[in-house]
Amino acid sequence: MATTADFKNGLYLDFNGKPCQIVWFQHVKPGKGPAFVKTKLRNLENGRILENTFTAGAKIDTINVERRPYQFLYKDEDGFNFMHEETYEQIHLDTALVDNADLMKEGQHVEMMFLADEERCLTCELPTYVELEVTYTEPAVKGDTASTNAQKEITLETGAIIMAPLFINIGEKIRVNTTDRSYGERVK
């Protein structure tokens, strides 16, 4: 048990039966009336941001959340299979829990967030950048565009389709940003 005096950014708590993380908070002491704490909470199950106001001194339930390293093994009809990098324990995740799954190739290292008390996986996050090979793209034609930042669709080795500059060709390795699915740079 904790109180609003223990609030800090990054604190994990149980809010209305859902695991949440404090993103922002502010203690407010108005001239008239009791003090309160305004907060922005991130729901760890779906990523939504919630705003809530707690009365000063209110008791809250904190939760224990752990981040663990895993390696992607393979995909089957039921979802994805991962292996813990230290204990070699294998787990199976539903496709809904993995963001940007089409940017993940076999052997990819990921980080999973677990609700430690229940041993329940909340999220599976890819690294910010992944390196993938281009398997298909239309060739660029000189004079195709008047714009300097023209882009075309490319298909990656995992089957994902993203937009990249015209100079990218089949067989090149590129770095892709997994947060917004954008082209980063060529990898030598």
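As the structure is a computational prediction, the values presented were derived from the model and not from experiment.

Engineer: What exactly am I supposed to notice about the overall build of the protein here?
Structural biologist: Counting its regular elements, the protein contains 0 helices and 16 strands. Taken over C-alpha atoms, the radius of gyration comes to 22 Å for the protein, far larger than the 16 Å a tight globule of 188 residues would show. The buried share among the 188 residues of the protein stands at 36%. Here the analysis covers contacts within the protein between residues at least 6 apart in sequence; of these, 43% occur between residues at least 24 apart. Accessible surface, the protein: about 11,300 Å² in total, of which carbon and sulfur atoms supply 47%. Each charge class in the protein can be summarised by its mean position, and for the 21 positive and 30 negative side chains these summaries are 10 Å apart.

Engineer: I keep staring at the pattern of salt bridges and nothing clicks. Help me out?
Structural biologist: Between side chains of opposite charge, a pair can form as their charged atoms come close. Applying the stated criterion to the full structure yields 12 salt bridges. The partner of Arg120 in a salt bridge is Glu45, and the shortest N-O contact between them spans 2.8 Å. Of this pair, Arg120 sits in strand E11 (residues 120–125) while Glu45 sits in the loop between strand E4 (36–43) and strand E5 (49–55), and the two are 75 residues apart along the sequence. Under the relative-accessibility criterion, Arg120 is labelled partly exposed at 30%. One salt bridge in this structure joins Arg68 and Glu119, with 2.9 Å as the shortest N-O distance. With Arg68 in strand E7 (residues 65–76) and Glu119 in the loop between strand E10 (109–115) and E11, this pair connects stretches of sequence that are 51 residues apart. Given the relative accessible area of 12%, Arg68 is considered buried. Bridged by salt links that share partners, the residues Lys18, Glu45, Glu118 and Arg120 form one connected network.

Engineer: Whenever I open this one, unusual backbone geometry confuses me. Can you help?
Structural biologist: Glycine aside, a negative phi is what most residues show, and trans is what most peptide bonds show. Here the phi dihedral of Glu119 falls at roughly 55°; this positive angle occurs in a residue that is not glycine. What makes Glu119 partly exposed here is its relative accessible area of 48%. Even without being glycine, Arg181 reaches a positive phi, approximately 55°. The residue Arg181 is located in the loop between strand E15 (173–177) and strand E16 (182–187) in this model.

Engineer: I tried to follow the sheet that holds E11 on my own but got confused; where do I start?
Structural biologist: Within a sheet, adjacent strands bond to each other through the backbone by hydrogen bonds, running parallel or antiparallel. Sheet architecture is open: 5 strands sit in the order E9-E8-E7-E10-E11, paired in antiparallel fashion. Two strands in the sheet have a free side with no partner beyond their single neighbour: strand E9 (90–93) and E11. Strand-to-strand twist of the sheet, defined as the mean angle between neighbouring strand axes without regard to direction, takes the value 40°. Here E10 runs beside E11; their pairing, made up of 5 bridges, is antiparallel. Across the sheet, Leu115 pairs through a bridge with Arg120, a residue of E11.

Engineer: Hey, could you run me through the packing of aromatic side chains in this one?
Structural biologist: Two numbers describe a pair of aromatic rings. These are the distance of the centres and the angle of the planes. A complete count under the given rule lists 7 aromatic pairs for this structure. Between Phe7 and Phe25, the aromatic rings sit 6.3 Å apart at their centres with planes inclined by 80°, giving edge-to-face as the arrangement. Taken together, the residues Phe7 in the loop between strand E1 (2–3) and strand E2 (12–15) and Phe25 in strand E3 (residues 18–28) connect sequence positions 18 residues apart. Since its relative accessible area comes to 5%, Phe7 is described here as buried. Residue Phe25 is classed as partly exposed on the basis of its relative accessible area of 23%. Three or more aromatic residues joined by ring pairs make a cluster, and in this case those are Phe7, Phe15, Phe25 and Phe54. Positioned over the ring face of Trp24 is Lys40, at 5.9 Å from the centre of the ring. Here the guanidinium or amino end of Arg68 rests over the ring plane of Phe114, the centre of that ring lying 4.3 Å away.

Engineer: Sorry if this is basic, but what is going on with the nonpolar core here?
Structural biologist: The nonpolar side chains of a soluble globular protein tend to be buried with one another. Counting residues in each nonpolar core, the largest one holds 27 residues, and the members touching the most others are Phe82, Met112, Leu156 and Ile174. For Met112, the contacting residues outside a window of four places in its chain are Glu66, Arg67, Arg68, Tyr70, Phe82, Ile91, Leu93, Cys121, Thr123 and Cys124. Counting residues in hydrophobic clusters, the runner-up holds 11 residues, among them Leu11, Ile22, Val37 and Ile60.

Conventions we followed
Residues numbered from 1 in each chain as written. Predicted model: local features only at pLDDT ≥ 70, side-chain atom pairs only at ≥ 80, totals over all residues. Heavy atoms only, no water. Helix = DSSP H or I, 4+ residues; strand = E, 2+ residues; numbered from the N terminus. Rg over C-alpha atoms; globule rule 2.2 N^0.38 Å. Buried < 20%, exposed > 50% of the residue type's maximum accessible area, 1.4 Å probe, protein only. Contact = heavy atoms within 4.5 Å. Areas by Shrake-Rupley, 256 points an atom, 1.4 Å probe, with all protein chains shown as cover. Lys, Arg positive; Asp, Glu negative; His and termini not counted. Charge placed at Lys NZ, Arg CZ, Asp CG, Glu CD. Salt bridge = Lys/Arg side-chain N within 4 Å of Asp/Glu carboxyl O. Pairing = 2+ DSSP bridges. Axes fitted to C-alpha atoms, helices over the stretch in contact; angles between N-to-C directions. Phe/Tyr/Trp six-rings, centres within 6.5 Å; stacked < 30°, edge-to-face > 60°. Lys NZ or Arg CZ within 6 Å of the ring centre and 35° of its normal. Core = buried A, V, L, I, M, F, W, Y, C linked by side-chain atoms within 4.5 Å.

On their own, these measurements won't tell you what the molecule is for.
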